[in-house]
Amino acid sequence: MTLLQRIRTGAGPEVPGLLAFLAVVILIFSLTADRFLSLANFGSIAYQLPELGLLTLAMLIPIISGGFNLAIIYTANMAGLTLAWVLNQNGGPEAGVWPFVYGSVLALGVGATAGAVMGAVIAYIGAHPILVSLAMMIFLRGLGEFLTRGGDISGFPDYLAFLGHGAVFGIPVPLILFLVCAVLWHILLTRTRHGFAARMIGSNLKATAYSGVHVKRTLVLIYTLSGVMCAIAGILMLARFNSVRVGHGEALLLVTVLACFLGGVDPFGGFGRVAPVVLALIVLQVLSSGLNLLGANQHLSTAVWGLFLVGVMILRWGAGKWKERQKRE
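Since we're looking at a predicted model, the values are computed, not measured.

Caption draft 1: Spatial organisation of the overall build of the chain. When you go through the chain residue by residue, the secondary structure sums to 14 helices and four strands. For the chain, whose C-alpha radius of gyration is 20 Å, the value lies close to the compact-globule estimate of 20 Å for 329 residues. Expressed along its principal axes, the backbone C-alpha trace of the chain runs to roughly 70 × 55 × 35 Å. Within the chain, contacts between residues at least 6 apart in sequence are counted, and of these 78% link residues at least 24 apart. Entry remark: accessible area of the chain is about 16400 Å², with carbon and sulfur atoms responsible for 68%. In the chain, 20 positive and 11 negative side-chain charges are present, and the distance between their average locations comes to 15 Å.

Here it is in structure tokens:
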């Protein structure tokens, strides 16, 4: 078996194409942007990627199960607000480590609760995931605006800077956190009964129920885990920005969907791998960084990401047609 075949088998058929595209993007920007190949630029990418990456992981499992979670941003923000409240109640900038520990536990609980409520409504009432997550998004946004009066909450201990901006042996701490979560997500999807059940639900819900899988319990767990991952993202965002606001990261919602689809996740559910999605995130972040170095504003980067999504859909349609033609021949 060749190296290319091993990569395709182990990580997914999308990986070689994404690696080739990443190489082309790096080559183009290295020739057009003077500082693109600098250590400072790659360090910036390494610190910015984890926030989007954690939110994308939160979106990944619901999509694989044939669902959706539009509330990931506001779940993350509410988790961050929970931690911020605990820290402020215990001295703010003077708060010790223990308030951060149990504040983080409470934040994870908030994320898990939001996800569990969505999962329960989807599983036991039969409401569509888009409508349920949209309702949760509106609720969390309104609650957050009410609690903060639309402002920021800041004033946190200095030790949080290590989580948001620190490094271990030259590797950014946020990147380490993201990679650990990505590995756990990979194990969950490929080595556990829950991951197998999530794929089955995304492929055929009725057949999965007939096969003996507890579909309702699995759906609740899927959205609960999605909420937990949102909470981790919210804690990291608090440490990165040294403040919390309900609207933090609003522009990242659709980018998480783009990263999933670019990474080969089936939009109708049933299939998806972590490794190609992580590689797709790197492609998107490198592309955004290159455009910024060329002087393009954030809105142009968003427009380019949107064109990417359209291009991915066209390429998938073309690949499907080509495979059908090959079968006929």
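Caption draft 2: Looking closely at the packing of aromatic side chains. Throughout the structure, instances matching the rule amount to three aromatic pairs. For the ring pair Phe29 and Phe36, a centre distance of 5.6 Å and an interplane angle of 40° mean the geometry is tilted. Residues Phe100 and Tyr159 carry aromatic rings whose centres are separated by 6.2 Å and whose planes lie at 75° to one another, so their mutual orientation is edge-to-face. Of the two residues, Phe100 is situated in helix α5 (residues 97–125) and Tyr159 in the loop between β1 (153–154) and α7 (160–165); the sequence distance between them amounts to 59 residues. A relative accessible area of 29% places Tyr159 in the partly exposed class.

Caption draft 3: Representation of the packing of α5 against helix α6 (residues 129–148) in the model. For the pair α5 and α6, the least separation of the axes is 9 Å and the interaxial angle reads 145°. The way α5 lies across α6 gives a crossing that is right-handed. Of the residues in α6, those touching α5 at Ala114, Val117, Met118, Val121 and Ile122 are Pro129, Val132, Ser133, Met136 and Leu140. Across the contact of α5 with α6, the residue classes tally to nine nonpolar, one polar and no charged.

Caption draft 4: Seen up close, helix α3 (residues 39–64). In a regular helix each residue adds 1.5 Å, so 26 residues correspond to 38 Å; α3 covers 36 Å between its end C-alpha atoms and thus fits that length. The sharpest bend along α3 reaches about 30° and sits at Leu49, with the proline Pro50 one to four residues further on. Burial within α3 is extensive, with 19 of its 26 residues counted as buried. Within two residues after α3, Gly66 carries a phi angle of roughly 85°, on the positive side.

Definitions and limits used
- Residues numbered from 1 in each chain as written.
- Predicted model: local features only at pLDDT ≥ 70, side-chain atom pairs only at ≥ 80, totals over all residues.
- Heavy atoms only, no water.
- Helix = DSSP H or I, 4+ residues; strand = E, 2+ residues; numbered from the N terminus.
- Rg over C-alpha atoms; globule rule 2.2 N^0.38 Å.
- Contact = heavy atoms within 4.5 Å.
- Areas by Shrake-Rupley, 256 points an atom, 1.4 Å probe, with all protein chains shown as cover.
- Lys, Arg positive; Asp, Glu negative; His and termini not counted.
- Charge placed at Lys NZ, Arg CZ, Asp CG, Glu CD.
- Phe/Tyr/Trp six-rings, centres within 6.5 Å; stacked < 30°, edge-to-face > 60°.
- Buried < 20%, exposed > 50% of the residue type's maximum accessible area, 1.4 Å probe, protein only.
- Axes fitted to C-alpha atoms, helices over the stretch in contact; angles between N-to-C directions.
- Left-handed = near helix turned anticlockwise from the far one by under 90°.
- Nonpolar A, V, L, I, M, F, W, Y, C, P; charged D, E, K, R; others polar.
- Expected span 1.5 Å × (residues − 1).
- Bend = angle between axes of the 7 residues up to and from the residue.

By themselves, these figures tell us nothing about what the structure is for.
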